[in-house]
Amino acid sequence: MSNQSSQGIQTLLEAEKDAASVVQEARQYRTQRLKDARSQASKEVEEYKKQKEEEFKSLESKNAGSTENLQAQVDKETEQKISELKKVYEAHKDAVLDKILDRVTKVNPELHRNLRKLES
Amino acid sequence: MSRPLNDDEVLSEMNKMVAFIKQEALEKAREIKVKADEEFAIEKAKLVKQETHAIDMLYEKKRKETEVAQKIAQSAQINKSRLRILQAREQCLQDLFSTAREKIQSLSQDQDKYQALLQGTVVEGALRMLEENVTLYSKKKDVSVVETAAEGAKGQYKEISGRTIIFSVEGELSSESAGGVVLIGNNKRIVINNTLDERLQLLEDKMLPEIRMDLFGINENRTFYN
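None of the values given here were measured: they were computed from a predicted structure. (Residues numbered from 1 in each chain as written. Chains lettered and ligands numbered in written order. Predicted model: local features only at pLDDT ≥ 70, side-chain atom pairs only at ≥ 80, totals over all residues. Heavy atoms only, no water.)

A. The arrangement of the pattern of salt bridges in detail. Scanning the model with the defined rule gives 22 salt bridges over all chains in all. Salt-bridge contacts for B:R84 lead to A:E79; the nearest nitrogen and oxygen are separated by 2.2 Å. Of the two residues, B:R84 sits in helix 1 (residues 7–104) while A:E79 sits in helix 1 (residues 2–105), which places them in two different chains. A residue is classified by how much of its surface remains accessible, and B:R84, at 25% relative accessible area, is partly exposed. Residue B:K64 pairs with B:E60 through a salt bridge whose shortest N-O separation is 3.7 Å. Placement of the pair is B:K64 and B:E60 together in helix 1, with a separation of four residues, close to one helical turn. Salt bridges linked by common partners bring B:E60, B:R63, B:K64, B:E67 and B:K71 together as one network. (Salt bridge = Lys/Arg side-chain N within 4 Å of Asp/Glu carboxyl O. Helix = DSSP H or I, 4+ residues; strand = E, 2+ residues; numbered from the N terminus. Buried < 20%, exposed > 50% of the residue type's maximum accessible area, 1.4 Å probe, protein only.)

Right, dumping it as structure tokens:
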């Protein structure tokens, strides 16, 4: 009889062991899943970051291009304005010079307004 | 049924128990796996959301910085352009004035005009000084012309102010001067520089607004003209 019961207990113990390993396997699966979550998330994030970086780079290069264009345009406008300026100057120069020389030689001597002419 | 179990019954009970144990284990394992998958999805979504949000913030900041830098560059551009235009204007003015300075040298050629000018400037200066004794400095070669002018000036001065005045002429002015006189009174303590160079210098300054308008057009940004 005791042989039978010890055999029975043996069987039960083995069944327990198998059960435990099934559960253990499930738990390992869970751990693995968590790791997968992290690694997959990390990969997706990398992708996203790369995409964003490319977007940003293309925006930057577009900006750099437009800045250069703007600079060239501004410079050209400035050059234009300066040459316009010089032309106008040359056109008016003589007239202004005459005006200045005129005033250099213009004298209008008068008594200070607070004074009165002395009558002798 | 309290009689002891026979062998078959024992075996069947055993099998039932074993099956039960196995069944429990499988159910538990399934539960664990299902929950694991849920947690997987949640954790992954959470991590992705967190990180992508951080990345978005980062790139937004970068974008703003670029924008600001661009605006700064633009503004610097405009400034530089304005400065260059102003420099060009300044150059024109320098040219104008240096030409003027050359031209006044020839003002003394016309004898009659020069004489009149000298007399005028002498009276002008004398009326400012209101001294009785005035020394006139002129160029060495102008001394005689100035003496003549001084004579006329005496009369004109008396006419305008009713006062008498005595002029003495000395040729102390540098020969590089364009002409004109320097009036000195009160024991060399009052000096009126009425030379052509000095007059031009004063005019350069006073006429700037007018010159600006003549040469460069009116200033659209200006509102006050008094």
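B. Examining the sheet that holds strand 1 (residues 133–139) of chain B more closely. All names here are of chain B. In spatial order, the strands read 2-1-3-4; together these four strands make up an open sheet with mixed pairing. Looking at strand neighbours, the two that pair on one side only are strand 2 (166–173) and strand 4 (190–195), the edges of this open sheet. With direction set aside, neighbouring strand axes in the sheet form an average angle of 25°. Here four bridges tie strand 1 to strand 3 (residues 180–185), and the two strands are oriented antiparallel to one another. Across the sheet, the residue bridging to T135 is I184, located in strand 3. (Pairing = 2+ DSSP bridges. Axes fitted to C-alpha atoms, helices over the stretch in contact; angles between N-to-C directions.)

C. Structural context of the interface of chain B and chain A. If you look at the interface, chain B gives 68 residues, while chain A gives 63 residues. Summing the contributions of chain B and of chain A, the shared interface buries around 6500 Å²; its carbon and sulfur component is 70%. Linking chain B with chain A are 10 salt bridges. We note a salt bridge from A:R30 to B:E39, for which the minimum N-O separation is 2.9 Å. Our count for the contact surface shared by chain B and chain A stands at 21 residue pairs in polar contact (both at pLDDT 80 or more). Listing elements by their share of the side of chain B that touches chain A, those giving two or more residues are helix 1, helix 2 (111–129), helix 3 (143–161), helix 4 (196–206) and helix 5 (208–216) of chain B. Looking at which element gives the most residues to the side of chain B that touches chain A, the answer is helix 1 of chain B, with 43 residues. Grouping the constituent residues of the side of chain B that touches chain A by class yields 34 nonpolar, 12 polar and 22 charged. (Contact = heavy atoms within 4.5 Å. Buried area = accessible area lost by both parts, 1.4 Å probe. Polar contact = N/O pair within 3.5 Å; in protein donor to acceptor, adjacent residues only side chain to side chain. Nonpolar A, V, L, I, M, F, W, Y, C, P; charged D, E, K, R; others polar.)

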